[in-house]
Amino acid sequence: MSQAPVPGPRALPLVVLGATQYLLILDSAIVNVALASIGADFDVSPADLTWVVNAYVLAFGGLLLLGGRLSDVLGAKTMFASGVVMFVAASAAGAAATSPGWLVLSRAGQGIGAALTAPALLALTMLMYGDGLARHRALGVLGAMAGAGGASGLLLGGALTESWGWRSVFWLNVPLGLVIAALGAGLLAHTPAVRPRTRFDLAGALTSTAGLAVLVYAVLGTTSHGWWSARSGITALIGVGLLAAFVAIERRAVQPLLPLDFLRARPVLGANLAAATTAGAMFPMWFLVTLFAQQVLGLGPLEAGVLVVPLSVVLIATNSVAPRVIAAVGTRPPVVAGLALGGLGLLWLSRLPTTGSFTWILLPASLVTGVGLGLAFAGSLTSATSHVPAHRSGLAGGVVNAAQQLGGALSLSALLALATARTSAMQGLLPASAALGEGFRSGLAGAATIALAGALLAAVTMRDHRPVRGGAAAVVTR
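Not measured: the values here are computed from a predicted model.

A word on the overall build of the chain
Scanning the chain from N- to C-terminus turns up 17 helices and two strands. Summed over all atoms, the accessible surface of the chain reaches about 17800 Å², with 71% contributed by carbon and sulfur.

Encoded structure:
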């Protein structure tokens, strides 16, 4: 179903939308570089540090469906402004944190703000830029800004952490977010509420978020209790039970948070599975590489940021040209080839040496990984938001963002458990830093496996979407 674009100038609103995407990714990248300093300041282990990441990701991913629903019902512009303001307030709270618990709660607050913002951002993009090449170019800009946020976030995070401490990385969000909120109020299209008497399925939001949080907790707990312990098994069963309750609630709800017919459509399901596996390879990569640089290679935060700039630059460049690739060959070939290429690049990264020169592996592996995952990211996002009617644009944005965030959270937890187990097995056999490096390398190999499995899954489940010049879009089934 085609959508008519909202009339009016397009360049300035896209600047606001791109800046918002930049801010959300910037925050994640900055925090990754600051993790080692946060851990040293609060004296917490790498496993506990993951909650600084996962508190954000779980709140973000778990509440995205509710955020998408609110965007459709109350208006995308309203939810965009509300989410940005909440994100800014939670960033200020994180900067003032005096304990790990406080910091984790503030990160959850940032995640809630992002969960309100991200679906509205995609909904506004879909509504303001039609359903043809204009939208794909706009999505390409969002992808490029995500890569720019990753690259500059790593550099800014390193510079700020070394100069003013890790708290400064949270303070940076405050002025950026306030400027975005002010500009968005005047430049973004007004999207009025469609149904004033609407239920928001809070039971579905609570059970889905709680179930995913418990599952992540179960996976993280395997680092100290083992995969087959009673505690890990019981915790995992509770998480699965909560998710089963979520499905039961959605089947009976008059106005479900996630209409199950939405995911029964093969193109939608395939695109979101591809988005989940792309994030499942990409999110742990940033975490593992930045910690590898600081804890194994002994680099400072700024040096660690510089180390991964080539990867980020390649991601930006790939997302910039991806709309042309998609226009030429459709969405499925870039996703399948991109995930396969990204998997090979991650396997290459997993061979990073723990001593001596590493650039001879890092640079070519970054090139391969960046091109591959950049194509897969752009293709899966475009496919997941194609052929969605206007009244479900927020839902589409919420579902694909949820797939990315939750795929990343569960993958990060599982791969960190794998890395920790490998490090424990190597202790006593290798020097401490080398044992730690072996663990991180195992985690990167696991990320490669996820990407390669995602390529096979995308080849089987995705259907192709190819834009047609003139604003309409066509679907080609292969």
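Structural notes on helix 7 (residues 173–187)
Over its 15 residues, helix 7 runs 21 Å from end to end, which matches the ideal 21 Å to within 8%, given 1.5 Å per residue. Listing the buried residues of helix 7 in full gives Asn173, Val174, Gly177, Ile180 and Gly184. Seen along its axis, helix 7 keeps its buried residues to an arc of 130°; they face one direction. Looking at helix 7, the residues exposed on the side facing more than 90 degrees away from the buried face are Ala182 and Gly186.

Thoughts on the packing of aromatic side chains
What the rule picks out here adds up to three aromatic pairs. By the ring-pair criterion, three or more aromatic residues cluster together here, those being Phe42, Trp166 and Phe170.

Here we look at the pattern of salt bridges
The final tally for this structure, using the stated rule, is two salt bridges. A salt bridge links Glu438 to Arg422, with the nearest nitrogen and oxygen atoms 3.4 Å apart. One end of the pair, Glu438, is in helix 17 (residues 432–461); the other, Arg422, is in helix 16 (residues 393–426), and 16 residues separate them in sequence. Accessibility expressed as a relative area gives 33% for Arg422, which makes it partly exposed. For the salt bridge of Glu438 with Arg441, the shortest nitrogen-to-oxygen distance reads 3.5 Å. With Glu438 and Arg441 both in helix 17, this residue pair falls three residues apart, about one helical turn.

A few points about the confidence of the model for the chain
Averaged over every residue, the pLDDT of the chain is 80; the share at 70 or more is 86%. Of all helices and strands in the chain, the one with the weakest mean pLDDT is strand 2 (residues 473–476) (32), whereas helix 14 (residues 332–349) scores best (94). In this model, residues 1–8 is a region of pLDDT below 50 whose contacts with residues beyond four sequence positions or in other chains number 23 contacts. Here residues 468–478 is modelled with pLDDT under 50, and outside its nearest four sequence neighbours on either side it reaches 29 contacts, counting other chains as well.

Some remarks on the packing of helix 3 (residues 76–95) against helix 4 (residues 100–128)
Contact geometry of helix 3 with helix 4 gives a least axis separation of 7 Å together with a crossing angle of 160°. Classed by the angle they form, the pair helix 3 and helix 4 counts as roughly antiparallel. The two elements helix 3 and helix 4 meet at a crossing, and its hand is left-handed. Grouping the constituent residues of the contact of helix 3 with helix 4 by class yields 17 nonpolar, eight polar and one charged.

Notes on the environment of Gly233
Structurally, the position occupied by Gly233 is in helix 9 (residues 230–252). On the basis of relative accessibility, which here comes to 30%, the residue Gly233 falls in the partly exposed class. As for Gly233 and Ala218, which are separated by 15 residues in sequence, their C-alpha atoms are 7.7 Å apart.

Focus on helix 9
With 23 residues, helix 9 should cover 33 Å at 1.5 Å per step; its first-to-last C-alpha distance of 33 Å lies within 8% of that length. Of all the positions in helix 9, only Ser232, Thr235, Gly239, Phe246 and Glu250 are classed as buried.

Points about the environment of Thr369
Among the structural elements, Thr369 can be located in helix 15 (residues 359–384). Separated by 57 residues in the primary sequence, Thr369 and Ser312 place their C-alpha atoms 9.9 Å from one another.

Some thoughts on the nonpolar core
Within the largest apolar cluster, 119 residues are counted, with the highest numbers of intra-cluster contacts made by Phe80, Met285 and Leu346. Non-local contacts of Leu346, meaning those with residues more than four positions away in its chain, are made with Ala281, Met285, Thr369, Leu444, Ala447, Ala448 and Ala451.

Looking at the packing of helix 11 (residues 266–296) against helix 17
Look at helix 11 against helix 17: their axes get within 9 Å of each other, and the N-to-C directions meet at 165°. Relative to helix 17, the element helix 11 is oriented roughly antiparallel. Helix-helix and strand crossings are classified by hand; for helix 11 and helix 17 the assignment is left-handed. Looking at the contact of helix 11 with helix 17 residue by residue, the class counts come to 18 nonpolar, nine polar and two charged.

Some details on a nonpolar patch on the surface
A contiguous nonpolar surface patch, about 430 Å² in accessible area, is contributed by Leu12, Val15, Val179, Leu183 and Leu187. Looking at the nonpolar patch, the elements with two or more residues in it are helix 1 (11–42) and helix 7. With three residues, the single largest contributor to the nonpolar patch is helix 7. For Leu12, the location among the structural elements is in helix 1. Classification of Leu12 by relative accessible area gives exposed; the value is 54%.

Regarding the side chain of Gln404
With respect to the helices and strands, the residue Gln404 is situated in helix 16. Gln404 has contacts with Ala275, Ala279, Phe283 and Phe377, leaving out every residue within four places of it along the chain.

Observations regarding the environment of Ala185
Along the polypeptide, Ala185 turns up in helix 7. Given a relative accessible area of 53%, Ala185 falls into the exposed group. Linking Ala185 and Val16, residues 169 residues apart in sequence, is a C-alpha distance of 10.0 Å.

Focus: the side chain of Thr125
Within the fold, Thr125 resides in helix 4. Non-local contacts of Thr125, meaning those with residues more than four positions away in its chain, are made with Leu17, Ala138, Leu139 and Leu142.

About the criteria used
Residues take numbers from 1 onward in each chain, read along the sequence in its written order. In view of the model being predicted, local features appear only for residues whose pLDDT reaches at least 70, and side-chain atom pairs are presented and counted only at 80 or more, with totals across whole chains, interfaces and linings using the full set of residues. For the side-chain quantities, the full set of heavy atoms in the structure was used; hydrogens and water were omitted. Each helix is a run of DSSP H or I of at least 4 residues and each strand a run of E of at least 2, with the numbering of both proceeding from the N terminus. Here the open area of atoms and residues is found with the Shrake-Rupley method and a 1.4 Å probe, where only the protein chains shown may cover a residue. Each helix should span, by expectation, one fewer than its residue count multiplied by 1.5 Å. Summary of the burial criterion: residues with accessible area below 20% of their type's maximum are buried, those above 50% are exposed, and those between are partly exposed, where the area comes from a 1.4 Å probe applied to protein chains only. The arc in question is the one spanned by the directions pointing from the helix axis to the C-beta atoms. For Phe, Tyr and Trp, rings pair up if their centres lie within 6.5 Å, where Trp contributes its six-membered ring, and each pair is then called stacked (planes under 30 degrees apart), edge-to-face (over 60) or tilted (otherwise). Salt bridges are defined as contacts in which a side-chain nitrogen from Lys or Arg sits within 4 Å of a carboxyl oxygen from Asp or Glu. Each residue carries a pLDDT score, the predictor's confidence in it, ranging from 0 to 100. By the convention used here, residues are in contact when the closest approach between their heavy atoms is within 4.5 Å. Convention adopted: a line fitted to C-alpha atoms gives each axis, helices being fitted over their contacting stretch, and angles between N-to-C directions are expressed from 0 to 180 degrees. By definition in this entry, angles of less than 35 degrees are roughly parallel, angles greater than 145 are roughly antiparallel, angles of 65 to 115 are roughly perpendicular, and the rest are oblique. Take the far helix as the reference: if the near one is turned anticlockwise from it by less than a right angle, the crossing is left-handed, and if turned clockwise, right-handed. Residues are grouped as follows: Ala, Val, Leu, Ile, Met, Phe, Trp, Tyr, Cys and Pro are nonpolar; Asp, Glu, Lys and Arg are charged; every other residue, Gly included, is polar. What is meant by a nonpolar core is a set of buried Ala, Val, Leu, Ile, Met, Phe, Trp, Tyr and Cys residues, joined one to another through side-chain atoms within 4.5 Å. Patch membership is restricted to residues that have no salt bridge and whose relative accessible area is over 30%. Joining uses 9 Å for like charges and 5 Å for the nonpolar side chains Val, Leu, Ile, Met, Phe, Trp and Tyr.

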